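These are the residues of each chain, in order.
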Amino acid sequence: MPLGLLYLGLTLLGALQTQAQDSAPNLIPAPPPSRVPLQQGFQDDRFQGKWYVVGLAGNAVRKEEQGQFRMYSTTYELKEDHSYNVTSTLLRDQGCDHWIRTFVPTSQPGQFTLGNISSYPKIQSYIVRVAATNYSQYAMVYFKKASENREYFKITLYGRTKELTPELKERFIRFAKSLGLTDDHIIFPVPIDLCIDN
């Protein structure tokens with residue numbers, strides 16, 4: 001009998017370890033910002049305004065979310081100190097959800113940090129880097145967040161409209177893969193009208 005309990009205990013322990021590993025998968029390491037291009041001659045006034053999230057890639061993004069992940073919008077409002085008030089609007093549980101934060105410019109034009117980071121106790125660092133944009137049609141933006149001793153990164157393909165050309169989507173896929181991501185880490189959210197057009 002004691003031996004049977006020991007085996008049962010070891011089996012349960014093994015199952016718990018497997019569950020813990022599944023819930024915290026090994027993340028693809030975040031590339032340092034120096035490996036990510038930076039839009040030359042970044043013009044903060046031209047970048048402001050509404051963007052739709054047309055593509056999303058990252059080390060915590062999963063391909064199986066494709067088809068369920070709904071498009072959201074992000075609006076950059078330029079302030080006098082050259083920081084942005086950034087509002088993301090998404091549909092959640094049939095209601096409109098707004099997430100507001102501040103991006104503060106660094107010494108490199110086109111690169112930002114999260115303002116008032118102390119109000120986010122779990123976040124140790126947060127970098128935003130505009131990798132490429134033509135301001136009127138698309139932008140590719142790199143985000144890197146260190147939280148609870150793990151590094152997460154994502155690349156967002158923004159569009160001024162909800163549809164972008166296949167060539168731009170392909171360029172986005174190549175960019176994501178150049179940073180170590182695979183097809184399993186790249187999704188194109190489903191366009192919606194609710195909330196994000198206001």
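Structure: above.
Below you will find a few notes about this structure. Note that the structure is a prediction, hence the values are computed from the model and not measured. (Residues numbered from 1 in each chain as written. Predicted model: local features only at pLDDT ≥ 70, side-chain atom pairs only at ≥ 80, totals over all residues. Heavy atoms only, no water.)

**Some thoughts on the nonpolar core**
Nonpolar side chains in soluble globular proteins tend to end up buried together. To be explicit about the condition: Only buried Ala, Val, Leu, Ile, Met, Phe, Trp, Tyr and Cys residues count toward a nonpolar core, and they belong to the same one when joined by side-chain atoms within 4.5 Å. Only protein chains enter the accessibility calculation, which uses a 1.4 Å probe; a residue is then buried when its area is under 20% of its type maximum, exposed when over 50%, and partly exposed in between. A run of H or I in DSSP counts as a helix once it spans at least four residues, and a run of E counts as a strand once it spans at least two, with each numbered from the N terminus. For this analysis, residues touch if any pair of their heavy atoms sits within 4.5 Å.
Counting 29 residues, the largest nonpolar core has Phe153, Ile155 and Phe172 as the members making the most contacts within it. Broken down by secondary-structure element, the contributors of at least two residues to this core are strand S1 (49–58), strand S6 (123–133), strand S7 (138–147), strand S8 (150–159) and helix H3 (166–178). Among the elements that make up this core, the one with the highest residue count is H3 (5 residues). Ignoring sequence-local partners within four residues, the contact set of isoleucine 155 consists of Gly55, Leu56, Ala57, Val141, Tyr142, Phe172, Phe175, Ala176, Leu179 and Leu181. The next biggest cluster of nonpolar side chains, apart from the first, holds 24 residues, and it includes Phe47, Leu56, Tyr84 and Val128.

**Observations concerning the side chain of serine 88**
For the record, the criterion: For this analysis, a polar contact is any N or O atom pair within 3.5 Å, provided that within protein one partner can donate a hydrogen and the other can accept it, and provided that sequence-adjacent residues contribute only side-chain to side-chain pairs.
Relative to the helices and strands, serine 88 is located in strand S3 (residues 84–92). In terms of polar contacts, serine 88 uses its side chain to reach the side chain of threonine 74, at 2.9 Å. Not counting residues within four places of it along the chain, the set of residues in contact with serine 88 comprises Tyr72, Ser73, Thr74, Asp97, His98, Trp99 and Arg101.

**Let's talk about the side chain of arginine 101**
For the record, the criterion: Positive residues here are Lys and Arg, negative ones are Asp and Glu, while His and the chain termini are left out of the count. Whenever Lys or Arg places a side-chain nitrogen within 4 Å of a carboxyl oxygen from Asp or Glu, that contact is recorded as a salt bridge.
Looking at the secondary structure, you find arginine 101 in strand S4 (residues 95–105). Among buried charged residues, arginine 101 stands out as having no salt bridge; its nearest opposite-charge side chain is aspartate 97, 10 Å away. Beyond its immediate chain neighbours, meaning those up to four positions away, arginine 101 contacts Tyr84, Asn85, Val86, Thr87, Ser88, Leu114 and Tyr120.

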